[in-house]
Amino acid sequence: MTRPLATTAAMVLSVLVWSIAAARAASSGDLLWADDSMAVVAASLIVLASVATIGMLVGAARWAHRLGVVIAIGALGLGIGISVDGLWIAGAVLSGMAITGLTGTGMRGQVRKLDSASGPSALVVVYALGLIAFPLAVGLASPSGLRWSEWLAIAASAITALVYVKALPGALWLARILHPAALVVAAVGTTGYRWILYLAAALAAAWAAWQPDVRLAVRPIARTGTTVTIPPELAPREILDAAGIDDRGRPIR
């Protein structure tokens, strides 16, 4: 367990270090991205790194391992355009350790080799991760700063992700109606690639939310049953013998 812990720790720390370095560079004007946009990017990467870590260490999930590799490599992108200093070097070293461990043998014995038969479908995993990762895309696509409608889209994605993964009441209502509507609102008033991004995200989110697998993840067909107490005199003799009680419910001496 030591190597998986070291690998995931390196991944999370690398994201934290790069996030701090990028936020500092953005505040000083060294990056093209505004402070709020870079803050959203950094926060999204930290959340995704945390999700990947929990998925690998607790769930031994293959999707979490793949996500960890993407996050470890993607975090290096924050270092582009940042002046090389001690923080930059620390981020590069940690990223190297994380990428080496994740793509090598660092997670051997921790992440299962086959997908879980009882786990969610690939569509459900991609949909949930898409909700979590959407603010990252918004931050990267908005170098000049975020408009109120984009903050609305970010909030809608975050709330929908939380409610959906917890299977809370209203999850499908949020996923199918409010979340796509917030993305359409974000598209209004924008042009070019941002308009395409928000509109495509709205269409993809609406399509996925209406798929049976996404619905069954929060509203399963099989419900948890209830138990009914059976009087001892009505229970089969072999069950009473196995439980060590007589037909009056008293222990057999």
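What counts and what doesn't
Residues numbered from 1 in each chain as written. Predicted model: local features only at pLDDT ≥ 70, side-chain atom pairs only at ≥ 80, totals over all residues. Heavy atoms only, no water. Core = buried A, V, L, I, M, F, W, Y, C linked by side-chain atoms within 4.5 Å. Buried < 20%, exposed > 50% of the residue type's maximum accessible area, 1.4 Å probe, protein only. Helix = DSSP H or I, 4+ residues; strand = E, 2+ residues; numbered from the N terminus. Contact = heavy atoms within 4.5 Å. Salt bridge = Lys/Arg side-chain N within 4 Å of Asp/Glu carboxyl O. Phe/Tyr/Trp six-rings, centres within 6.5 Å; stacked < 30°, edge-to-face > 60°.

Q: What am I meant to see in the nonpolar core here?
A: With 47 residues, the main nonpolar core has Met11, Met56 and Tyr127 as its most contacted residues. Those elements giving two or more residues to this core turn out to be helix H1 (2-27), helix H2 (35-57), helix H3 (62-75), helix H4 (86-103), helix H5 (122-141), helix H6 (148-165), helix H7 (171-187) and helix H8 (192-209). Not counting residues within four places of it along the chain, the set of residues in contact with Tyr127 comprises Thr160, Tyr164, Ala175, Ala205, Ala208, Ala209 and Val214. Counting 13 residues, the second-largest nonpolar core is a separate cluster that includes Tyr198, Ala201, Ala202 and Ala205.

Q: Looking at this structure, how should I read the pattern of salt bridges?
A: A full pass over the atoms with the stated rule returns 2 salt bridges. With a closest N to O distance of 2.4 Å, Arg24 and Asp85 form a salt bridge. With Arg24 in helix H1 and Asp85 in the loop between H3 and H4, this residue pair connects regions lying 61 residues apart in the sequence. Linking Glu150 and Arg194 is a salt bridge whose minimum nitrogen-to-oxygen distance equals 2.4 Å. With a gap of 44 residues between them, Glu150 in helix H6 and Arg194 in helix H8 connect regions that are remote in the sequence. In this structure, Glu150 and Arg194 share a single accessibility class: buried.

Q: What exactly am I supposed to notice about unusual backbone geometry here?
A: What you tend to see is this: most non-glycine residues have negative phi, and most peptide bonds are trans. For Ala60, which is not a glycine, the phi torsion comes out positive at approximately 50°. Phi is positive for Ala167, close to 55°, though the residue is something other than glycine. Looking at the element boundaries, Ala167 is found in the loop between H6 and H7.

Q: Got a minute to help me understand the packing of aromatic side chains in this structure?
A: Two aromatic rings, taken as a pair, are described by how far apart their centres are and by the angle between their planes. Inspection of every chain in the model, using the stated rule, returns 3 aromatic pairs. Note on Trp18 and Trp88: the rings are 5.7 Å apart at their centroids and 85° apart in plane angle, and the pair reads as edge-to-face. Separated by 70 residues along the polypeptide, Trp18 in helix H1 and Trp88 in helix H4 bring together distant segments of the chain. Judged by relative accessible area, which is 1%, Trp18 ranks as buried.

So far we have only geometry, and geometry alone does not tell us how the molecule works.
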